[in-house]
Every structure is written in C-alpha cells, then in structure tokens.
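Each chain, letter by letter, is given below.
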Amino acid sequence: MTVESLYKRAKDALTAGNYAEAIKLYETLESRFPYGVQSQQAIIDTAYAQYRLGERAQAIAAADRFIKLYPNHENVDYAYFVKGLANFIEDLGLLSFIATQDLSERDQKSAREAYNTFKTLVEKFPQSRYTADSRLRLRYLVNALSKNESHIARYYYNRGAYQAAINRAQSCLTNFPNTPANEEALNVIVQSYRAMGNTQLAADTERIYVATYKTAAIDPRSPWWKFW
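Here is what the cut-offs are and how they apply
Residues numbered from 1 in each chain as written. Predicted model: local features only at pLDDT ≥ 70, side-chain atom pairs only at ≥ 80, totals over all residues. Heavy atoms only, no water. Salt bridge = Lys/Arg side-chain N within 4 Å of Asp/Glu carboxyl O. Helix = DSSP H or I, 4+ residues; strand = E, 2+ residues; numbered from the N terminus. Buried < 20%, exposed > 50% of the residue type's maximum accessible area, 1.4 Å probe, protein only. Axes fitted to C-alpha atoms, helices over the stretch in contact; angles between N-to-C directions. Parallel < 35°, antiparallel > 145°, perpendicular 65-115°, else oblique. Left-handed = near helix turned anticlockwise from the far one by under 90°. Contact = heavy atoms within 4.5 Å. Nonpolar A, V, L, I, M, F, W, Y, C, P; charged D, E, K, R; others polar. pLDDT = per-residue confidence, 0-100.

> Give me the pattern of salt bridges: which residues, what numbers.
This model, assessed by the stated rule, comprises 11 salt bridges. Residue Lys-11 pairs with Asp-45 through a salt bridge whose shortest N-O separation is 3.4 Å. Within this pair, whereas Lys-11 is found in helix α1 (residues 3-15), its partner Asp-45 is found in helix α3 (residues 37-53), the two being separated by 34 residues in sequence. Since its relative accessible area comes to 30%, Lys-11 is described here as partly exposed. Of the charged contacts, one joins Glu-30 and Arg-65 as a salt bridge, the two residues approaching to 3.3 Å between their closest N and O atoms. Placement of Glu-30 in helix α2 (residues 19-32) and of Arg-65 in helix α4 (residues 56-69) is noted, with a sequence separation of 35 residues between them. A network of salt bridges, in which partner residues are shared, links Arg-112, Glu-149 and Arg-168.

As structure tokens, this is what we get:
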C-alpha cells in the first residue's frame, strides 16, 4: 500500500468517527513511511483521534511531539488547540457539569495547563481559525481558576488558618483581577483580619470591598452580604 492510499484510509476512518481504527492506520503509516508530509500530519491526526477517544495523556503527548518536531509547521496552531482541548476536558468536560462537586473546587492542574496552552495559541497565532474558540475557553478557565482560589481561601478561613486564607485570597485578586470570585476573596480577607484582631487592615479592606461592590454590600442577593 502506498503512503497516499494508507493516509486516505486513515483519514476516512477519522472522518467517519472510527478513531481506534484511524489511530492504528496512522501508526502503521508512521512506521512504514516515517518521513514526508503524510507522516507529519499523521501525528496531529492521531492526537485528535486520541482526544476524541478520551485518551487525554496520549493526545497531549502526541500534540507535544508535533509541536517539538515541527514548531514552524503551518498546522502547529491546531496542535496547540488539540492539546488545550485534551487538558480542558480533564476537569471541565461534559460529565463534569453533572458532577456533584463544583468544578472550581476540583484539582485545577489540567485547567491551568489548558489555560497556558490556549493563551500561547492566542498570543502566537492571533489570526488562527482556532483563536476565537480559544478566547472563549480562556475566559471560562480564568473564572474557574479564580473561583478555585477563593474556595481554597475560604477553606483555610473555616479552619482557622487566617494568614493562609489571606495569602490565597490575595492570590485570587492579583492573578485573576476583575473576576466574579474577587468579591468572595475580599470578604475572606476582611473576615480573616478581624479574626486575627487586626482591625485596621480589616477596615481598610472593607472600604475597598464597599467601594467595589456598593450594591452587593447591602443587597441580600449577594452571597456575602450576611458576613458583614
């Protein structure tokens, strides 16, 4: 079988959704014809097929291999996109939306990897066809990561680790400004300073909170008004 016919069979399997079959054919192609445009494309197509099969670690490894071997390839932006998707579904996939645990309370390692990958794609390839989608995913990831920081800060506060709570809440404010979770982070800082007896810093932070969330401070619809 020629490289062209083998690649066509693999591509047809991929298009038809026969991802396991496509992976086998692409692996055969790479082993028999390790050089040429078809073998290059086989790597990235394999990454996509593995992503669709839920083989996230393998998909990420294949995408990374393509990026390392062909950093200037015309389709390297797609490799970044597939890598981002594979990390994105690790914690934020379809099944996560029906899980009982809040997404922002889960381990965020993969979410951070997805954020870094999509951010790289957007910055390096602003004209890519995948940039618009990546920007939307970045916005979602920023909010999820910010909320995760505020949850951890609240966790420390509830256990009496007030300085640790302050540090984590400040991390939320510094690394993820202008996100909805900033309100909870400020609340944690105020409550922690009060618990530590540092009334001056508590008052200073409270003024920032009220100036930033004027209606929230007196509006019972805010989840944090009752703490005041």
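> Go over the side chain of Gln-50, please, and point to the residues and values.
Here Gln-50 is to be found in helix α3. Given the relative accessible area of 8%, Gln-50 is considered buried.

> Could you give an account of the packing of helix α8 (residues 162-175) against helix α9 (residues 182-196), with specific residues and numbers?
Geometry of a packed helix pair, given as the angle between the helix axes and the separation of the axes. At their nearest, the axes of α8 and α9 sit 9 Å apart, and the two run at 155° to each other. Between α8 and α9, the angle is such that the two are roughly antiparallel. In this structure, α8 meets α9 at a crossing whose hand is left-handed. Of α9, the residues touching α8 (which contributes Tyr-162, Gln-163, Ala-165, Ile-166, Ala-169, Gln-170, Cys-172 and Leu-173) are Asn-182, Ala-185, Leu-186, Val-188, Ile-189, Ser-192, Tyr-193, Ala-195 and Met-196. Among the residues making up the contact of α8 with α9, the classes are represented as 13 nonpolar, 4 polar and no charged.

> Residue-level account of the confidence of the model for the protein, with values.
Overall, the prediction assigns the protein a mean pLDDT of 87, with 85% of residues at 70 or greater. Looking over the protein, one finds the lowest element-wise mean pLDDT in helix α11 (residues 214-218), namely 54, and the highest in α4, namely 96. Here residues 91-104 scores under 50 on pLDDT; set against residues more than four positions off or in separate chains, the count is 27 contacts.

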